[in-house]
Amino acid sequence: MLHDRILVSMEVEAGERRSGGGILIPATVQLGRRLTWAKVVAIGASVRQVKTEDRVLFDPEDRAEVELRGEMYVLLRERDLHAVAAERLQDGSTGLYL
């Protein structure tokens, strides 16, 4: 039933942030729809494109949070991923694939 699921450890982005130009963005600012990077901790048996330790890009609105041993994780479907940043580089590739 849960064979296409991916468990990720989310990089928490709490509080203030800085823009690329150094402008301070308060935590209360509402931004548009923003995607989030996370590290893959575990994968289901039917997951084909993702390996553990990959970094994946997903929409934080489409997630299910779970707490295991005092740590927060996010449970995703493979089809909900927008991109994967992997160390498995081939000559001439960027390291990102969809």
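Cut-offs and rules
- Residues numbered from 1 in each chain as written.
- Predicted model: local features only at pLDDT ≥ 70, side-chain atom pairs only at ≥ 80, totals over all residues.
- Heavy atoms only, no water.
- Helix = DSSP H or I, 4+ residues; strand = E, 2+ residues; numbered from the N terminus.
- Buried < 20%, exposed > 50% of the residue type's maximum accessible area, 1.4 Å probe, protein only.
- Contact = heavy atoms within 4.5 Å.
- Pairing = 2+ DSSP bridges.
- Salt bridge = Lys/Arg side-chain N within 4 Å of Asp/Glu carboxyl O.
- Core = buried A, V, L, I, M, F, W, Y, C linked by side-chain atoms within 4.5 Å.

Student: Talk me through the overall build of the protein; I want residue IDs and the actual numbers.
Tutor: A tally of helices and strands in the protein yields zero helices and nine strands. Along its sequence from the N terminus, the protein presents helices and strands in the succession β-β-β-β-β-β-β-β-β. Residue burial in the protein is summarised as follows: out of 98 residues, 26% are buried. In the protein, the share of contacts with a sequence separation of at least 24, taken over all contacts with a separation of at least 6, comes to 58%.

Student: Provide a residue-level description of the pairing of strand 1 (residues 5-10), including the pertinent values.
Tutor: Direction of pairing for strand 1 relative to strand 7 (residues 71-77): antiparallel, over a ladder of four bridges. Looking at strand 7, one finds that Arg-5 is bridged to Arg-77. Taken together, the five bridges between strand 1 and strand 4 (residues 36-43) define a ladder with antiparallel strand orientation. Its bridge partner lying in strand 4, Val-8 is registered against Val-40.

Student: Tell me about the pattern of salt bridges, and please be specific about residues and values.
Tutor: Evaluation of the coordinates by the stated rule reveals two salt bridges. Linking Asp-4 and Arg-5 is a salt bridge whose minimum nitrogen-to-oxygen distance equals 2.5 Å. The class for Asp-4 is partly exposed, based on a relative accessible area of 25%. For the salt bridge of Lys-39 with Glu-53, the shortest nitrogen-to-oxygen distance reads 3.1 Å. Remark: Glu-53 occurs in the loop between strand 4 and strand 5 (55-58) and Lys-39 occurs in strand 4; sequence separation between them is 14 residues. Under the relative-accessibility criterion, Lys-39 is labelled partly exposed at 36%. Glu-53 gets classed as exposed once you look at its relative accessible area, which sits at 54%.

Student: Break down the nonpolar core for me, citing the residues and quoting the values.
Tutor: Ranked by size, the top nonpolar core spans twelve residues in total: Ile-6, Val-8, Ala-38, Val-40, Val-47, Val-50, Val-56, Phe-58, Val-74, Leu-76, Leu-81 and Val-84. For this core, the secondary structure elements donating two or more residues are strand 1, strand 4, strand 5, strand 7 and strand 8 (81-85). With residues up to four places along the chain from it excluded, the contact list for Phe-58 reads Val-8, Met-10, Leu-35, Thr-36, Ala-38, Arg-63, Val-74, Leu-76, Asp-80, Leu-81 and His-82.

Student: I'd like to hear about the environment of Leu-75, residue by residue, with values.
Tutor: As for its position among the elements, Leu-75 is in strand 7. Placed 68 residues apart in sequence, Leu-75 and Leu-7 show a C-alpha to C-alpha distance of 4.7 Å. Discounting chain neighbours no more than four positions away, the residues touching Leu-75 are Arg-5, Ile-6, Leu-7, Arg-63 and Ala-64.

Student: Tell me about the pairing of strand 6 (residues 64-68), residues and numbers included.
Tutor: Here strand 6 runs beside strand 7; their pairing, made up of five bridges, is antiparallel. From the neighbouring strand, Glu-67 faces strand 7, where its bridge partner is Met-72.

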